[in-house]
Amino acid sequence: MSFLQRFCAPRTSWLLFAVCLLCSAISGCATTPYNYQPALIQSPEPLLAEGEPQIARGKPRPVIDGIGWVVGIPGKILLWDRRIDNHHVSPETEAAIAAYLEKNGLEQVKVRVNEYDPLGEWKRLRKNKAVGWGWRYTAGTLTAAAYTLLPGRIIGGDNYNPFTNTISLYSDLPAVALHEGGHAKDFGTRKYKGTYAVATALPVVSLWPEAIATGDALGYLRAEENFEQEEEAYRILYPAYATYIAGAATPFLPYGDLAVKAGAVIPGHLVGRWKAREVKQEQLARHARSELQQVSAAESPQVAEQADQSLPAIQQAYFEQAAPTGKSEWQTDEPIERQNFNQAAE
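Residues numbered from 1 in each chain as written. Predicted model: local features only at pLDDT ≥ 70, side-chain atom pairs only at ≥ 80, totals over all residues. Heavy atoms only, no water.

### Examining the nonpolar core
Grouped together as the largest cluster of nonpolar side chains are 45 residues, with contacts concentrated most on I97, Y100, L101, V111, I167 and L237. Top element by residues in this core is helix α12 (residues 227-249). It accounts for seven residues. Apart from the residues lying within four places of it in its own chain, the contact partners of L101 are Q54, L106, V109 and V111. The next biggest cluster of nonpolar side chains, apart from the first, holds five residues, and it includes L207, Y241, I245 and A248. (Core = buried A, V, L, I, M, F, W, Y, C linked by side-chain atoms within 4.5 Å. Buried < 20%, exposed > 50% of the residue type's maximum accessible area, 1.4 Å probe, protein only. Helix = DSSP H or I, 4+ residues; strand = E, 2+ residues; numbered from the N terminus. Contact = heavy atoms within 4.5 Å.)

### Regarding a nonpolar patch on the surface
A surface patch of nonpolar side chains, amounting to about 720 Å² of accessible area, comprises V63, I64, I67, V71, L149, L150, I154 and I155. Going through the elements one at a time, α2 (62-71) and α8 (152-155) are the ones with two or more residues in the nonpolar patch. Looking at where V63 falls in the secondary structure, it is placed in helix α2. (Patch = residues over 30% accessible without salt bridge, like charges linked within 9 Å, V, L, I, M, F, W, Y side chains within 5 Å. Areas by Shrake-Rupley, 256 points an atom, 1.4 Å probe, with all protein chains shown as cover. Salt bridge = Lys/Arg side-chain N within 4 Å of Asp/Glu carboxyl O.)

### Examining the pattern of salt bridges
Note on pairing: side chains with opposite charge can pair once their charged atoms come close. The tally for this structure, following the rule as stated, stands at 16 salt bridges. Measuring nitrogen to oxygen at the nearest pair gives 2.8 Å for the salt bridge that ties R222 to E230. Of the charged contacts, one joins R235 and E231 as a salt bridge, the two residues approaching to 3.3 Å between their closest N and O atoms. Separated by four residues within a single helix, R235 and E231 lie in helix α12, roughly one turn from each other. On the accessibility criterion, R235 (27% relative accessible area) is partly exposed. Here the salt bridges share partners, and the residues they tie into one network are R112, E115, D117 and E121.

### Some words on the confidence of the model for the chain
Detailed conclusions should not be drawn from predicted coordinates in areas where pLDDT is low. Overall, the predicted model of the chain reaches an average pLDDT of 83, with 74% of residues at or above 70. This model gives residues 325-346 a pLDDT under 50, and the stretch forms one contact once residues within four places in sequence are excluded. (pLDDT = per-residue confidence, 0-100.)

Right under this line is the structure:
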């Protein structure tokens, strides 16, 4: 065993343990009451011009998008889904993020669906007064420069930029879009957004906002009772979170980035599929209860109608049973009373 293998082996074991532990820690996020419309701290200056759409789509570029699809192959393999960085976002995914932003009051967030607009991002950086100018023109400038020089239209990588308050989507997965929306919601509630952005960009600390965004996406789908997408979200977001853990470890393992991610993503897939199976079982049980209630509701009027029809017969049988046999009292008493009356008259 080489020095690098001896160095990596114990840390990889701890990394896999951390994946299971942290995935378990965020496993209950979807069961907590979901918080719509949080108290947001927004920019005093509108970030969207009058008439500007909140969601913008890039024009189809078959060659560029084809190159981007090829560049995104490692992500497709790691998360085992061909829709990762496929640069072809469907209307369903766009509708999912649009509904999320509306229901959470995130009207200042810009969504760029497979779009490359560096000039627009520089303008949003300047206008986003919700972030202090010191952070905007230092760390924010670096993010805008990275967006300009390393276009996601080619290299992919769905992300949220807190300095421009922009979501960039290149994958056709509602769960991924909602995860990035969770970042926008998280940063929207922070007073010191620049400080929070820089602090959570550090290794290990970066896992905290990722857990918040993942939990918010799962909680939102549970609150919306969208169990099909919730099931899919567990299968995608849990292994994705495992890659974040691996990414946090790579500064200490500079030569094992891909190997560590490949090792860490396995327990993420296992835990994610286990949670997805739980959601599926809950959905089947809920469907069975719903069918039982429908059958009960359909049978109840029939039972009531049968009871109404049988009630007169039951009453008649009761009165016949209660009445004495032979002559009734009024039939025997009437001659007696008439006879006594006649005697009294004489």
